[in-house]
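Survey of secondary and tertiary structure
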Amino acid sequence: MSSASRYTYLGPEGTFTEAALHTLPEAATRQLTPMVSVPAALDPVRNGEAQAAFVPIENSVEGGVTATLDELRGGSRLMIYREVLLPIAFALLVRPGTPLAEVKTVTGHPVAQPQVRNWLAAHLPDAVWESAASNADGARLVQEGRYDAAFAGEFAAATYGLEPLVTDIHDAENATTRFVLLGPPGRPAAPTGADKTSVVFWLRGDQPGALLEVLHEYASRGVNMMRIESRPTGEGIGQYCFQIDSEGHVQDRRVGDVLMGLRRSCRAVRFLGSYPRADRQPPTLRSGTADEDFVAAADWLSRCLDGRD
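Because the structure is predicted, anything quoted here is derived from the model rather than measured.

What follows deals with the packing of helix α2 (residues 38-46) against helix α3 (residues 66-73). The N-to-C vectors of α2 and α3 enclose an angle of 30°; their axes lie 9 Å apart at closest approach. Relative to α3, the element α2 lies roughly parallel. Both α2 and α3 take part in a crossing whose hand is right-handed. Contacts between α2 and α3 pair Val 38, Pro 39, Leu 42 and Arg 46 from the former with Ala 67, Thr 68 and Glu 71 from the latter. Classifying every residue of the contact of α2 with α3 by side-chain character gives four nonpolar, one polar and two charged.

Bringing the pairing of strand β12 (residues 195-203) into the picture now. The element β12 is extensively covered by neighbouring structure, given that nine of its nine residues are classed as buried. Side chains Asp 195, Thr 197, Val 199, Phe 201 and Leu 203 project from β12 onto one buried face, and the interleaved Lys 196, Ser 198, Val 200 and Trp 202 project onto a second face that is buried too. With nine bridges joining them, β12 and strand β15 (residues 266-276) adopt antiparallel strand pairing. When the sheet's bridge partners are listed, Phe 201 is paired in β15 with Val 269.

For the rest of this paragraph, the subject is the UniProt feature "domain: ACT" (unreviewed entry) in the chain. Feature annotation in UniProt assigns "domain: ACT" (unreviewed entry) to the following positions: residues 199-276. Secondary structure within residues 199-276 divides into 29% helix and 41% strand; the distance between the first and last C-alpha atoms comes to 15 Å.

Judged by pairing direction, the sheet is antiparallel, and its four strands sit side by side in the order β13-β14-β12-β15 without closing on themselves. The open sheet terminates on both sides in strands that have one partner only, identified here as β13 (225-232) and β15. For this sheet the average axis-to-axis angle between neighbouring strands, irrespective of direction, equals 15°. Its contacts with the sheet place α3 against β12, β13, β14 (240-247) and β15, and it is angled at close to 80° to β13. Along the sheet, helix α7 (residues 210-219) makes contact with β12, β13, β14 and β15, crossing β12 at roughly 155°.

Take the nonpolar core next. In terms of nonpolar packing, the biggest core is built from 28 residues, with Phe 54, Phe 90, Leu 92, Val 106 and Phe 151 touching the most fellow members. Breaking this core down by element, the ones donating at least two residues are β1 (6-10), α1 (16-21), β3 (52-59), β5 (79-87), β6 (90-94), α4 (113-123), β9 (149-152) and β11 (176-183). If you count residues domain by domain, this core takes at least three from each of domain 1 (1-88 + 170-186) and domain 2 (91-153). Counting residues in each nonpolar core, the second largest holds 22 residues, with Val 45, Ala 50, Val 55 and Val 180 among its members.

Turning to α2, a few remarks are in order. Residues that lie three or four places apart on an α-helix share one face, since the helix turns once every 3.6 residues. Where α2 is concerned, the buried positions are Val 38, Ala 40, Ala 41, Leu 42, Pro 44 and Val 45. In the core, the buried residues of α2 are packed alongside β1, β2 (31-35), β3, α3 and β11. Capping of α2 at its N-terminal end is provided by Ser 37; its side-chain oxygen lies 3.2 Å from the backbone amide nitrogen of Ala 40.

To continue, consider the layout of surface pockets. Of the volumes computed, that of the largest pocket is approximately 530 Å³. Considering the residues around the largest pocket, the lining is formed by 28 residues, among which Leu 10, Pro 56, Val 65, His 109 and Val 111 are closest to the centre. Where the lining of the largest pocket is concerned, the elements lending two or more residues are α1, β3, β4 (63-64), α3 and β11. Residues that form the lining of the largest pocket fall into these classes: 13 nonpolar, 13 polar and two charged. Here the second largest pocket is characterised by a volume of approximately 240 Å³. Looking at the second largest pocket, the residues that line it are Thr 23, Leu 24, Arg 82, Glu 83, Val 84, Leu 85, Thr 192, Ala 194, Pro 276, Arg 277, Ala 278 and Arg 280. Considered class by class, the residues forming the lining of the second largest pocket number six nonpolar, two polar and four charged.

Basis of the calculations
- Just so you know, the residues in each chain are numbered from 1, in the order the chain's sequence is written.
- Whole-chain, interface and lining totals are the exception, using all residues; otherwise, since this is a predicted model, local features are given only for residues with pLDDT of at least 70 and side-chain atom pairs are given and counted only at 80 or more.
- In computing side-chain properties, one takes all heavy atoms of the structure into account and sets aside hydrogens as well as water.
- Helix axes use the C-alpha atoms of the stretch in contact, all axes being lines fitted to C-alpha atoms, and the angles between their N-to-C directions lie in the range 0 to 180 degrees.
- Strands here mean DSSP runs of E at least two residues long; helices mean DSSP runs of H or I at least four residues long; both are numbered from the N terminus.
- Roughly parallel covers angles under 35 degrees, roughly antiparallel covers those over 145, roughly perpendicular covers 65 to 115, and oblique covers all other angles.
- A crossing counts as left-handed when the near helix is turned anticlockwise from the far one by less than a right angle, and as right-handed when that turn is clockwise.
- Any pair of residues with heavy atoms lying within 4.5 Å of one another is described as a contacting pair.
- Three classes are used, and their members are as follows: Ala, Val, Leu, Ile, Met, Phe, Trp, Tyr, Cys and Pro are nonpolar, Asp, Glu, Lys and Arg are charged, and the others, Gly among them, are polar.
- Under the scheme applied here, a residue whose accessible area is under 20% of the maximum for its type counts as buried, over 50% as exposed, and between as partly exposed, the area being computed with a 1.4 Å probe on protein chains only.
- Note on pairing: DSSP must find at least two bridges between two strands before they are called paired.
- UniProt positions are given in the numbering used here, feature names are shortened, and annotations may be inferred rather than shown by experiment.
- Put simply, buried Ala, Val, Leu, Ile, Met, Phe, Trp, Tyr and Cys residues joined by side-chain atoms within 4.5 Å make one nonpolar core.
- The source of the domain bounds is an automatic or database domain assignment.
- Whenever two N or O atoms come within 3.5 Å, that pair is a polar contact, provided that in protein one can donate a hydrogen and the other can accept it, and provided that, for residues adjacent in sequence, both atoms are side-chain atoms.
- We place a 1 Å grid over just the protein atoms. Points where a 1.4 Å probe fits but has no way out form a cavity, open points with protein on both sides within 12 Å along at least 5 of 7 lines form a pocket, and any residue with an atom within 4 Å of a point lines it.
- Grid points are joined across faces, edges and corners, and a volume is the space filled by probe spheres set on the points.

Okay, structure coming up:
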């Protein structure tokens, strides 16, 4: 298959990332290639060897996925075109016939550990945890006899010849991971009425109120921020950039106005895309922030300039 029909994703096979990717209708017609890391998944897109990459970006328990956030702020620009929300529950996968009493060593991705810590303390208090490169890789290590059990998706059991000894394990109710489909820069999809816009920006300097200035761009236009996160720029201690997800589409007047305000007040702004919200929830607009309100205000100003008002 050509690069135009190839999607890469954070592998290996049997991960939650793969399960989330298969919820996209187009995944059925693409060559899906697992990669060993987030950067490895994104490099083929940047090099023109893949159409898009599918990676995790945020978890409701652990927060942002730093590898993805850092890739979005650095390197050649990529844009978010889709997002997927996947409820996360783990299964304890073992080699067939292994009883719970014989589980002395367990493994899984480091992000999984905080989500199963209480269950482990209650049911396997003496088990030794060692981290794996991914939950699916942990399942592979159990298959090879390196560990007694792995925390992974129940769907990974068949891939690695294991059986789920315990299912539906999660310390936090409604634990969810958010995944994004990333591609080369291009025209955002048309607004759906339930969209999200993502940016990363660098402040001009470290002075009192600098971040407040940026946040005011959103607040004054009634644009709801859904996530804000700081990441070090690598330029020195105390040097940070900020990533914001907000409601709305860049074609919405209030959102476009915010982005222009950021461009005026920040050292640099990187537009990461406008795309449909996975939960399909439309925003609640504050009075005076709908597109027609911006149009009416512009018409009024025009009349003032012409001496007609």
